[in-house]
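The chain contents come next:
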Amino acid sequence: MFRRRTALSVSATVALLAATPLLTACGSDARPGAAAIVDGKRITVSQLQAKVRDVRTAQGESPQGDRLIMSTGRLSLATLNGMIFEQVLARGAKDAGVTVGRREVEQWRAAAEEQTGGPARLKVMWLQQGVAPDRIDATVRNQLLLDGLAKHLGADRRQPQGQQQLAASLAKTSRAMGIEVNPRYGTWDDKQVILAEAKDPWITTAPAPKPQQL
C-alpha cells in the first residue's frame, strides 16, 4: 500500500466540454477560447480537451477501461486544475531555485514500477487518477518539485504544519500570477491553490517510492 501524497489533482468530468464563453482577463480584455488565464497566458479550451482525449483514449484501450472511466468522472475539471497547478508549482520551484533532473525522474519511476508490479501496472494506476501514459514523467517531475520545494522551505509534508507551510508558499505564488478561470469551469482559489470545484486539493493515490530508494 502506498501513502497518499501530493501530486497533481486528477479527479474528472466524463464529457468533453464544447465551446466555452469568453473569459475576461484584465479589465474588458476578452480572451476567446480560454479555459483559464495564468500569468497573462491562456490555457485554451482546445488544449484542455486534447489532454482529456488523451486520457480517455488510453483508458478506452485498457481491459479495465469501463472501471477507469467511471473512476475519473469529472476529468475536464480535474485536468484544468492540474494544468493550472502545474504552472504555479513550476514558478514556485523556479523562484526557490529548485530543479529536478531527468535522472531523478527515471529513478523515481523505476522504483515506483518495481513497487507496483511493473510498468503496465503503474500505467493503470495513473490512468485511474486521470494521468495519460505520456504524462507520467511530467507528473513524477511535479511530485519531485513539490518534495524539493518543501525541503527548501524546511516543511515536513507528512505533517499538517508542513502541508500548511507549503500551501502558503504556493498560495503567494498563485496570487502573483493573477489566475482567472472561465466561469464554466468554476473559480480559482489562491488560498487553497485549487480550482474551487475540484474534488481534492492535494491529491494522490499515485504510488510514491520511499525516499531512500531514490
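Small disclaimer: the values here were computed from a predicted structure and weren't measured.

Undergrad: Could you give an account of the pairing of strand β4 (residues 41-44), naming the residues involved and the relevant values?
TA: Pairing analysis gives four bridges linking strand β3 (residues 34-38) to β4, with the strands arranged antiparallel. Bridged to A36 within β4 is I43. Hairpin connection of β3 to β4: two residues between the antiparallel strands, including D39 at a positive phi of 55°.

Undergrad: Just give me the short version of the pairing of β3, but keep the residues and values in it.
TA: Among the five residues that make up β3, five are buried, leaving the element largely enclosed by the rest of the structure. Sheet topology note: the β3/strand β5 (residues 180-181) ladder contains two bridges and is antiparallel. Pairing of A36 across the sheet is with V181, part of β5.

Undergrad: Residues and numbers for unusual backbone geometry, please.
TA: Even without glycine at this site, D39 takes up a positive phi of about 55°. Its place among the elements puts D39 in the loop between β3 and β4. Here V193, not a glycine, exhibits a phi torsion of approximately 55°, which is positive. Within the secondary structure, V193 is located in the loop between β6 (188-189) and β7 (194-195).

Cut-off values and rules
Residues numbered from 1 in each chain as written. Predicted model: local features only at pLDDT ≥ 70, side-chain atom pairs only at ≥ 80, totals over all residues. Heavy atoms only, no water. Pairing = 2+ DSSP bridges. Helix = DSSP H or I, 4+ residues; strand = E, 2+ residues; numbered from the N terminus. Buried < 20%, exposed > 50% of the residue type's maximum accessible area, 1.4 Å probe, protein only.

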